[in-house]
Amino acid sequence: MKKTTIVILGILSFTYVGLLGQKFDGLNNNLSNLYMTSDAQTRSISPENFTGEKGKGGMAELGEGAASHEARELGQGYKVSPYVIIQPGETFTMAEIDGSGCIQHIWLTPTGNWRFYILRIYWDGEEEPSVEVPVGDFFGMGWGEYAHLNSLAVCVNPGRAFNCYWQMPFGKKCKITMENIDVKATRLYYQVDYVLTDIPDDAAYFHAQFRRPAPDAEKEAYTIVDDIKGKGQYVGTFLAWQVNNGGWWGEGEIKFFMDGDKEFPTICGTGAEDYFCGSYNFDVGGQYKEFSTAYSGLHQVIRPDGTYKANTRFGLYRWHITDPIRFEKDMRVTIQDLGWRSEGRYLKQGSDIASVAFWYQTEPHQAFPALPSKDDLEVR
């Protein structure tokens, strides 16, 4: 592979001055170098061009595409194949790319229960996925309900439009699949935008891991991710957090154990709302205040409705885009599930928490823990 010098983690922010003056090779796109030419080749995979080949888009004929009925009076070239149907129990290969390059944008609009569609990404022919996450949680929609999310790495726009801008380089091959574990079929519109180009020898690979253990008030802390082995950088956290008691719930400290840390971490936060770049309980006038910014947000607050929605639920994200947490050998991340009890004392809570950890690392990676069962994935 061609040896170049880029900073993969800086590509999401045009304000990141660390990229200025660096060589442009089609990977580190931002406003500071959009005027630069490149030998990279832009391609896009969708149901209108399953292979991403040059000059092969929109070629489906009537009878070949899922929307043949809708296009019956116009024919080829008129949106004959804009989506696919993924049947129950089916794993659909959304994209399979040979050669070296970089995924730059993924757009999806899945129907149905977002916890029951599992997104997986495999790099360079590996058998174990580097990304394995229910599609809703990957895009910050952990509770199966739409909430506007407006950030540099992920945007979720009206009409369940899921957009991912994490840059994902690969040296030999990329494979992206979607598994439907629901009892119903799902209609999936999607587009994977990428470039074919050389990547630097020291480029790390994108990873994302989902967890949702059973609530347990006796746990010392909730584990967001552990057993990361290799060199890389931690770049993001999403939490879907349901509180099962009254009062303020976010006193817990997030801790980053790296490179041999045992009992005590190298990085220790001061509270959940502080880690997600808020303060004082996200409270404005006695109410939780949603916010969504480039790097962090409390973008979703689902309040009890007096009938079936009995507990308050929160969606929170924190992207370490300008402040990646770098590790040389290993990484483990935990957060305490801590609130308040009477007389100003801390309370171990036993909240219902699901999480996604995002990081880049050298391959090979450790095998992920098995996903929860379908019943344990379900939002209840």
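Here the structure is a predicted model, which means the values were calculated and not measured. (Residues numbered from 1 in each chain as written. Predicted model: local features only at pLDDT ≥ 70, side-chain atom pairs only at ≥ 80, totals over all residues. Heavy atoms only, no water.)

Chemist: So what exactly am I meant to see when it comes to the pairing of strand 9 (residues 161-164) here?
Modeler: Each regular strand shows side chains that alternate between the opposite faces of the sheet. Residues Ala161 and Asn163 of strand 9 are buried on one face, and the alternating residues Phe162 and Cys164, pointing to the opposite face, are buried as well. Relative to strand 9, strand 4 (residues 101-110) runs antiparallel, the two sharing three bridges. Each residue of the ladder has a partner; that of isoleucine 106, found in strand 9, is cysteine 164. With four bridges connecting them, strand 8 (residues 154-157) and strand 9 associate as antiparallel partners. Across the sheet, residue cysteine 155 finds its bridge partner in strand 9, namely asparagine 163. (Buried < 20%, exposed > 50% of the residue type's maximum accessible area, 1.4 Å probe, protein only. Helix = DSSP H or I, 4+ residues; strand = E, 2+ residues; numbered from the N terminus. Pairing = 2+ DSSP bridges.)

Chemist: Explanation requested: the environment of arginine 318 in the structure shown.
Modeler: Examined against the element boundaries, arginine 318 turns out to sit in strand 22 (residues 313-319). Sequence separation of arginine 318 and leucine 298 is 20 residues, and the distance between their C-alpha atoms is 9.2 Å. The contacts of arginine 318, once residues within four sequence positions are left out, are Val235, Gly236, Thr237, Tyr275, Phe276, Cys277, Tyr295, Ser296 and Asp323. For arginine 318, the side chain forms a polar contact with the side chain of aspartate 323, separated by 3.0 Å. (Contact = heavy atoms within 4.5 Å. Polar contact = N/O pair within 3.5 Å; in protein donor to acceptor, adjacent residues only side chain to side chain.)

Chemist: Please explain the sheet that holds strand 17 (residues 267-268) as it appears in this structure.
Modeler: Neighbouring strands of a sheet are bound in pairs by backbone hydrogen bonds; such pairs are parallel or else antiparallel. Overall, antiparallel pairing links the four strands, which are arranged 14-24-16-17 in an open sheet. Unpaired on one side and paired on the other, strand 14 (222-229) and strand 17 mark the two borders of the sheet. Where strand 16 (residues 254-258) lies against strand 17, two bridges are found, and the strand directions are antiparallel. By the bridge assignment for strand 17, phenylalanine 256 is matched with isoleucine 267.

Chemist: I'm lost on unusual backbone geometry in this one. Help?
Modeler: Leaving glycine out, the prevailing phi sign among residues is negative, and the prevailing peptide bond configuration is trans. Across the junction of glutamate 363 and proline 364, the peptide omega takes the value 5 degrees, indicating a cis bond. Its location among the elements puts proline 364 in the loop between strand 27 (352-361) and helix 3 (374-377). Phi is positive for aspartate 259, which is not a glycine, with a value near 50 degrees. Mapped onto the fold, aspartate 259 is located in the loop between strand 16 and strand 17.

Chemist: Just to check I follow, could you spell out the side chain of threonine 109 for this structure?
Modeler: Secondary-structure assignment places threonine 109 in strand 4. Other than its neighbours up to four places away in sequence, threonine 109 contacts Arg160, Ala161, Arg187, Leu188 and Tyr189.

Chemist: When you look at the packing of aromatic side chains in this model, what are you seeing that I'm missing?
Modeler: Remark: the centre distance and the inter-plane angle together describe each pair of aromatic rings, the angle taken between the planes. All told, the structure shown has 28 aromatic pairs when counted by the stated rule. On the basis of an interplanar angle of 10 degrees and a centroid distance of 6.1 Å, the ring pair of tryptophan 123 and phenylalanine 170 is categorised as stacked. With a gap of 47 residues between them, tryptophan 123 in strand 5 (residues 117-123) and phenylalanine 170 in strand 10 (residues 168-170) connect regions that are remote in the sequence. The class for phenylalanine 170 is buried, based on a relative accessible area of 0%. Linked through ring pairs, Trp114, Phe138, Phe139, Phe162, Trp166, Phe206, Tyr317, Trp319, Phe358 and Tyr360 together constitute an aromatic cluster. Over the face of the ring belonging to tyrosine 122 we find lysine 175, whose NZ or CZ atom lies 5.9 Å from the ring centre. If you follow lysine 374 out to its NZ or CZ, it ends over the ring of phenylalanine 116, 4.9 Å from the centre. (Phe/Tyr/Trp six-rings, centres within 6.5 Å; stacked < 30°, edge-to-face > 60°. Lys NZ or Arg CZ within 6 Å of the ring centre and 35° of its normal.)

Chemist: Explanation requested: the pattern of salt bridges in the structure shown.
Modeler: With the rule as written, the count across this model stands at 13 salt bridges. The salt bridge partner of lysine 173 is aspartate 98, with a shortest N-O separation of 2.9 Å. With lysine 173 in strand 11 (residues 173-180) and aspartate 98 in strand 3 (residues 91-98), the pair connects residues that are 75 residues apart, well separated along the chain. Glutamate 290 is the salt-bridge partner of arginine 303, the closest N and O atoms lying 3.1 Å from each other. In this pair, arginine 303 sits in the loop between strand 21 (296-302) and strand 22 while glutamate 290 sits in the loop between strand 19 (287-288) and strand 20 (291-292), placing the two residues 13 residues apart along the sequence. Sharing partners across several salt bridges, the network here consists of Glu96, Asp98 and Lys173. (Salt bridge = Lys/Arg side-chain N within 4 Å of Asp/Glu carboxyl O.)

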